[in-house]
Amino acid sequence: MSDAGTIRRYVVIERGGIRFGLFGVLGKEAQVYTFGGAVKFPDFIQSAKDVVKLLREKEKADVVIALSHGGVAKGQDGRYSAGDDVSLAAAVPGIDVVIGGHSHTELREPIIVNGRTPVVQTGKEGKNVGELVITIDSARLTVDAYQLHPIDDRIAGDRAVDDQINKLKKGVTAAVFASRGYTIDQPLAMTTQDLPNTYTDYAAGTLLANLVTDAYRHATHADIGFSVSGLMRAPILRGKTGVVTVYDAFAVAPLGAGIVDKTAGGALVTAYFTGQDLKNILEFFIVDNPVHPGEFYPRTSGMRFRYDRSRPKFDAVTAIELGDLDRGYKGIGISDKERSLYSVTCPLMLGLMLVAIPKYTKGALNVVAKNKEGRQLASKIEALEAPVDNSGYLLGPQGTADRNSVAITAASGAAQPREIKEWQAIMDYLRALPVTKKGDLPVIPVDARAAEARAIKVG
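Residues numbered from 1 in each chain as written. Predicted model: local features only at pLDDT ≥ 70, side-chain atom pairs only at ≥ 80, totals over all residues. Heavy atoms only, no water.

**A short note on the overall build of the protein**
Then, in step 1: When helices and strands are tallied, the protein shows 9 helices and 22 strands.
Then, in step 2: When burial is assessed residue by residue, the protein has 46% of its 459 residues classed as buried.
Then, in step 3: For the protein, restricting intrachain contacts to residue pairs at least 6 apart in sequence, the fraction spanning at least 24 positions comes to 66%.
Then, in step 4: When the accessible area of the protein is evaluated, it comes to approximately 23200 Å², of which 53% is carbon and sulfur surface. (Helix = DSSP H or I, 4+ residues; strand = E, 2+ residues; numbered from the N terminus. Buried < 20%, exposed > 50% of the residue type's maximum accessible area, 1.4 Å probe, protein only. Contact = heavy atoms within 4.5 Å. Areas by Shrake-Rupley, 256 points an atom, 1.4 Å probe, with all protein chains shown as cover.)

**Considering the pairing of strand β19 (residues 342-347)**
Then, in step 1: With respect to burial, β19 is a largely interior element, 6 of its 6 residues being buried.
Then, in step 2: Of the strand pairs in this sheet, strand β12 (residues 224-228) and β19 are connected by 2 bridges, and their pairing is parallel. In the sheet register, I224 faces β19, and the bridge partner there is V344.
Then, in step 3: One ladder, built from 6 bridges, connects strand β14 (residues 268-273) with β19; its direction is antiparallel. Note that in β19 the partner of F273 across the bridge is Y342. (Pairing = 2+ DSSP bridges.)

**Structural notes on the environment of R339**
Then, in step 1: In this fold, R339 is placed in the loop between β18 (328-331) and β19.
Then, in step 2: Its relative accessible area of 62% is what places R339 among the exposed residues.
Then, in step 3: Measuring from C-alpha to C-alpha, the distance between R339 and Q276 comes to 8.9 Å, with 63 residues separating the pair along the chain.
Then, in step 4: Within the local environment of R339, its side chain forms a polar contact with the backbone oxygen of D336, the two atoms lying 2.7 Å apart. (Polar contact = N/O pair within 3.5 Å; in protein donor to acceptor, adjacent residues only side chain to side chain.)

**Describing the side chain of N280**
Then, in step 1: Looking at the secondary structure, you find N280 in helix α6 (residues 275-286).
Then, in step 2: For N280, the side chain forms a polar contact with the main-chain oxygen of N366, separated by 2.8 Å.
Then, in step 3: Apart from the residues lying within four places of it in its own chain, the contact partners of N280 are L365, N366 and V367.

**Let's talk about the pairing of β18**
Then, in step 1: The pairing of strand β17 (residues 317-324) with β18 spans 4 bridges and is antiparallel. If you follow E321 over to β18, its bridge partner there is G331.
Then, in step 2: Hairpin connection between β17 and β18: a loop of 3 residues separates the two successive antiparallel strands.

**What about the pattern of salt bridges?**
Then, in step 1: The tally for this structure, following the rule as stated, stands at 20 salt bridges.
Then, in step 2: Across the pair R19 and E14 runs a salt bridge whose closest N-O atoms are separated by 3.3 Å.
Then, in step 3: On the accessibility criterion, E14 (46% relative accessible area) is partly exposed.
Then, in step 4: Among the salt bridges present, the one from D315 reaches R311, with a minimum N-O distance of 2.9 Å.
Then, in step 5: For D315, a relative accessible area of 29% puts it in the partly exposed group.
Then, in step 6: Linked through salt bridges whose partners overlap, the residues forming this network are K279, E283, R311 and D315. (Salt bridge = Lys/Arg side-chain N within 4 Å of Asp/Glu carboxyl O.)

**Comments concerning the nonpolar core**
Then, in step 1: By size, the foremost hydrophobic cluster in this structure holds 37 residues, and its most contacted members are F226, F273, L278, F285, I320, L350 and L354.
Then, in step 2: For this core, the secondary structure elements donating two or more residues are β12, β14, α6, β16 (303-307), β17, β19 and α7 (348-355).
Then, in step 3: With 6 residues, the top contributor of residues to this core is α6.
Then, in step 4: When residues no more than four places from it in sequence are discounted, the contact partners of L278 are I224, F273, M303, I320, I332, Y342 and V344.
Then, in step 5: Residues L188, L195, A209 and V244 belong to the second largest nonpolar core, which totals 33 residues. (Core = buried A, V, L, I, M, F, W, Y, C linked by side-chain atoms within 4.5 Å.)

**Considering the environment of R233**
Then, in step 1: Structurally, R233 can be placed in the loop between β12 and β13 (243-245).
Then, in step 2: By relative accessible area, which is 24% here, R233 ends up partly exposed.
Then, in step 3: Each C-alpha atom of the pair R233 and P254 lies 7.4 Å from the other, and the pair is 21 residues apart in sequence.

**Here we look at the sheet that holds strand β3 (residues 63-69)**
Then, in step 1: Across the sheet, 6 strands lie side by side as β1-β2-β3-β6-β8-β7; this open sheet has mixed pairing. Taken across any chain shown, the strands that pair with only one partner, and hence form the sheet edges, are β1 (11-15) and β7 (111-113). Each adjacent strand pair in this sheet contributes to an overall mean axis angle of 25 degrees, direction not counted.
Then, in step 2: Judged from the 5 bridges that link them, β1 and strand β2 (residues 18-26) form a sheet pairing that is antiparallel. Each residue of the ladder has a partner; that of I13, found in β2, is F20.
Then, in step 3: The strands touched by helix α1 (residues 44-58) are β1, β2 and β3; relative to β2, the strand with the most contacts, the crossing angle is about 165 degrees. (Axes fitted to C-alpha atoms, helices over the stretch in contact; angles between N-to-C directions.)

**Examining the packing of α1 against helix α2 (residues 84-91)**
Then, in step 1: The contact between α1 and α2 brings their axes to 10 Å, and the two run at 45 degrees. Taken together, the axis directions place α1 and α2 in an arrangement best described as oblique. As α1 runs across α2, the sense of the crossing is right-handed. For the pair α1 and α2, the contacting residues are F44, I45, A48 and K49 in the first and D84, S87, L88 and A91 in the second.
Then, in step 2: In terms of residue class, the contact of α1 with α2 is made up of 5 nonpolar, 1 polar and 2 charged. (Parallel < 35°, antiparallel > 145°, perpendicular 65-115°, else oblique. Left-handed = near helix turned anticlockwise from the far one by under 90°. Nonpolar A, V, L, I, M, F, W, Y, C, P; charged D, E, K, R; others polar.)

Limitation: the analysis is restricted to geometry and does not speak to function.
Next comes the structure, spelled out in structure tokens:
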């Protein structure tokens, strides 16, 4: 048992006379995304070795299962054979099964490590349940069967689960949405087709990406709305009715918490950058991460850019233009001689990455977040190599807020700063779309204009 308020290192479950030891571990690559909080992560391999020893020697576990948020990646042969999930199994032979995550990979067959340990993953968003059948005979482990079972409308719902969800919805509305004038099941707009968030198919994901970044720019009136494909965590699906609800919009941008408002969802933040800063930001995100293919692909509003991946690393961007289809686009200077500043609004989680680009690239790319007067934004807490603290780098001292990044609302009879949540910006934007007839819901545009290519690959 564990003391109240602490996190268990492992759990042992006995079924049919077999003792199963389970423990969780966060891979090294995944730790880059652990912004904020009081939890610190030591070396994941050594931690796993320590826990496996406890499970084997103290708890007498017959089967040891690691629940790993590490990820898998393709090797040179194009097959999945690398990543922290695989490294974990290779370095800690006392693990019998690694059930992985983080890279959102649908593994159709297990990765067998050390000729023994299967590494499996089921994808993302609860789309599959994995079934793994193994036989362990002394030190020998054999995979008898492995299958992914899709979770879809062919599976009947459960009344008890539905009842529990409906109870939770009331609390969620009160805690998250009510203060901004929304309820969880409230209809916001209509869609005539799916807006997928397919990361590796840039064109397919553009409708959703343009909608989201347009919403960010609309919320703060910045020159540029900026995000990356992987921060759009769910698609907008037509379903049977085409109605897009508050929860549908929230699912697109649910990550993180705010700065002065700690309720669910990340805040939008705004800073100013030179043309060369913008080029360096784009250069950083254009370089694909093999553990997350396509997830860091840059998405923009108010800005269009061209890039050529045949050029040297960190020098792929050949041109940047500001504007839109209505106003037209105009090129800007991207050399180190340019001093003009352009405002950029992005999610807080992404902003933490932007200011860490010089450290991530070991000085190869310089990016300086500034205020509108051109002074560097100061951080109260020094950003770490892999930033694990919310440094508040886009705010002033504790207790103050950047008025360009927050909305103002009346609370307790006085005006209080209130951040613009990512999901709030999307919801407000959906509601502001034009309607064809009074009383109807707005319809999300899906024409060629809505699917405008703002990242143009050349060469």
